[in-house]
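What the coordinates show
Chain residues, written in single-letter form:
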Amino acid sequence: AQSVAQPEDQVNVAEGNPLTVKCTYSVSGNPYLFWYVQYPNRGLQFLLKYITGDNLVKGSYGFEAEFNKSQTSFHLKKPSALVSDSALYFCAVRDSNDYKLSFGAGTTVTVRA
Amino acid sequence: DTGVSQDPRHKITKRGQNVTFRCDPISEHNRLYWYRQTLGQGPEFLTYFQNEAQLEKSRLLSDRFSAERPKGSFSTLEIQRTEQGDSAMYLCASSPTRGTGYNEQFFGPGTRLTVL
């Protein structure tokens, strides 16, 4: 079984401040971890992934995430948030031996000007 | 546009009617997935195909739901005798089996179903 928890329904930050969106996961085998972003009435847009290797992964639009195996976490970060980063963010996991993704419930990020 | 496409984008139907959605994956992507997303929730896995073979189905996929991928290219998802609880966004994704993007799933814009 695999699952994802995003403990915060909403994150509010001021433009220019650091942004962090939290994610913890549970998977029986080796985890493959992903972050997606969703804008209103749109599909999911891939941001970044962790498969293996360096625990700090960099993705699109200045986002990065750090894989922490001991804490089973994969938090999304951006050093300086933009108003245009306001969206719904999903963390997802799959077992390395499987193909289906399990998603968290999502975190709504609002960046105020 | 070479992304995943879905048709229709919106569908409003009356309870008890049948509906069918289509997904066209990215060219040469062997794997195709269907997910369902209800309001305030993350997407939930429904089923996936490798080429024309349906390899896994979620328990969410009741016997009113059927998915096909007859020639290993586009896929259809049919819901028979729709219920109000079927109202959701139905997302399709595809992925290659090798090369760039091998471990990623690329999502389409979704079909929003409203059952009255």
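These numbers come from a predicted model, not from an experiment.

Moving on: the overall build of chain B. Tallying secondary structure elements over chain B gives 0 helices and 11 strands in all. Going residue by residue from the N terminus, the α and β elements of chain B occur as β-β-β-β-β-β-β-β-β-β-β. Reported as C-alpha extents along the three principal axes, the dimensions of chain B are approximately 45 × 25 × 20 Å. Relative to its full complement of 116 residues, chain B shows a buried share of 47%. Sequence-distant contacts in chain B: of pairs separated by 6 or more residues, those separated by 24 or more amount to 54%. Looking at chain B as shown, the accessible area adds up to about 6,000 Å², and 43% of this sits on carbon and sulfur atoms.

Turning our attention to the state of the cysteines. By definition, a disulfide is the covalent link that joins the sulfur atoms of two cysteine residues. Residues and elements named next belong to chain B. Under the defined criterion, the tally for this structure stands at 2 disulfides over all chains. Between the sulfur atoms of Cys-23 and its disulfide partner Cys-92 the distance amounts to 1.8 Å. Measuring handedness by torsion sign, the sulfur bridge of Cys-23 and Cys-92 sits at about -70 degrees and is left-handed. Here Cys-23 is found in strand 3 (residues 19–24), whereas its partner Cys-92 is found in strand 9 (residues 88–95), with 69 residues between them in sequence. In this structure Cys-92 comes out as buried when scored by relative accessible area, which is 0%.

In this section: the packing of aromatic side chains. Across all of its chains, the model carries 17 aromatic pairs over all chains by this definition. The interplanar angle of 55 degrees and the centroid separation of 6.4 Å between the aromatic rings of Phe-45 of chain B and Tyr-48 of chain B together place this pair among those described as tilted. According to the relative accessible area criterion, Phe-45 of chain B is buried, its value standing at 8%. An aromatic cluster of at least three residues, connected via ring pairs, comprises Phe-34, Tyr-36, Phe-46, Phe-90, Tyr-99 and Phe-103 of chain A together with Tyr-33, Tyr-35, Phe-45, Tyr-48 and Phe-107 of chain B.

Once that is clear, we can look at the pairing of strand 9 (residues 73–78) of chain A. Residues and elements named next belong to chain A. Relative to strand 9, strand 3 (residues 19–21) runs antiparallel, the two sharing 3 bridges. Along strand 9, the bridge assignment pairs Val-21 with Leu-76. Bridge analysis of strand 8 (residues 64–68) against strand 9 gives 5 bridges, and the strand direction is antiparallel. The residue of strand 9 that forms the bridge with Glu-66 is His-75. Adjacent in sequence and paired antiparallel, strand 8 and strand 9 are bridged by 4 residues, among which Thr-72 carries a positive phi angle near 45 degrees.

A separate point is the side chain of Gln-37 of chain B. Structurally, Gln-37 of chain B can be placed in strand 4 (residues 31–37). Excluding residues that lie within four positions of it along the chain, Gln-37 of chain B makes contacts with Gln-38 and Phe-90 of chain A together with Gly-42, Pro-43, Ala-88, Met-89 and Leu-91 of chain B.

Right, let's talk about the interface of chain B and chain A for a bit. Contacts between the two partners involve 20 residues from chain B, matched on the other side by 20 residues from chain A. Where chain B abuts chain A, roughly 1,700 Å² becomes buried across the two surfaces, and 51% of that area is made up of carbon and sulfur atoms. Its largest share of buried area at the contact with chain A, chain B owes to Asn-103, Glu-104 and Phe-107 of chain B, together 31% of the area lost on that side. Summed over the shared surface of chain B and chain A, the result is 2 salt bridges. In this structure, Glu-56 of chain B engages Lys-100 of chain A in a salt bridge whose closest nitrogen and oxygen atoms are separated by 2.7 Å. Inspection of the region where chain B meets chain A yields 8 residue pairs in polar contact (both at pLDDT 80 or more). For the side of chain B that touches chain A, the elements supplying multiple residues, two or more each, are strand 4 and strand 5 (44–50) of chain B. The element that contributes the greatest number of residues to the side of chain B that touches chain A is strand 4 of chain B, accounting for 4 residues. Its residues assigned to classes, the side of chain B that touches chain A comprises 8 nonpolar, 7 polar and 5 charged.

The next thing to look at is the sheet that holds strand 3 of chain B. Residue and element names in this part refer to chain B. Taken in spatial order, the 4 strands line up as 1-3-8-7 in an open sheet, and their pairing is antiparallel. Strands at the two margins of the open sheet, each flanked by one partner only, are strand 1 (5–7) and strand 7 (65–68). When the angles between neighbouring strand axes are averaged without regard to direction, this sheet yields 15 degrees. In this structure, strand 3 lies alongside strand 8 (residues 75–79), joined through 5 bridges in antiparallel fashion. Considered in strand 8, the bridge of Cys-23 is made with Ser-75.

About the criteria used
- Residues numbered from 1 in each chain as written.
- Chains lettered and ligands numbered in written order.
- Predicted model: local features only at pLDDT ≥ 70, side-chain atom pairs only at ≥ 80, totals over all residues.
- Heavy atoms only, no water.
- Helix = DSSP H or I, 4+ residues; strand = E, 2+ residues; numbered from the N terminus.
- Buried < 20%, exposed > 50% of the residue type's maximum accessible area, 1.4 Å probe, protein only.
- Contact = heavy atoms within 4.5 Å.
- Areas by Shrake-Rupley, 256 points an atom, 1.4 Å probe, with all protein chains shown as cover.
- Disulfide = S-S within 2.5 Å.
- Phe/Tyr/Trp six-rings, centres within 6.5 Å; stacked < 30°, edge-to-face > 60°.
- Pairing = 2+ DSSP bridges.
- Buried area = accessible area lost by both parts, 1.4 Å probe.
- Salt bridge = Lys/Arg side-chain N within 4 Å of Asp/Glu carboxyl O.
- Polar contact = N/O pair within 3.5 Å; in protein donor to acceptor, adjacent residues only side chain to side chain.
- Nonpolar A, V, L, I, M, F, W, Y, C, P; charged D, E, K, R; others polar.
- Axes fitted to C-alpha atoms, helices over the stretch in contact; angles between N-to-C directions.

Just distances and angles here, no functional claims.
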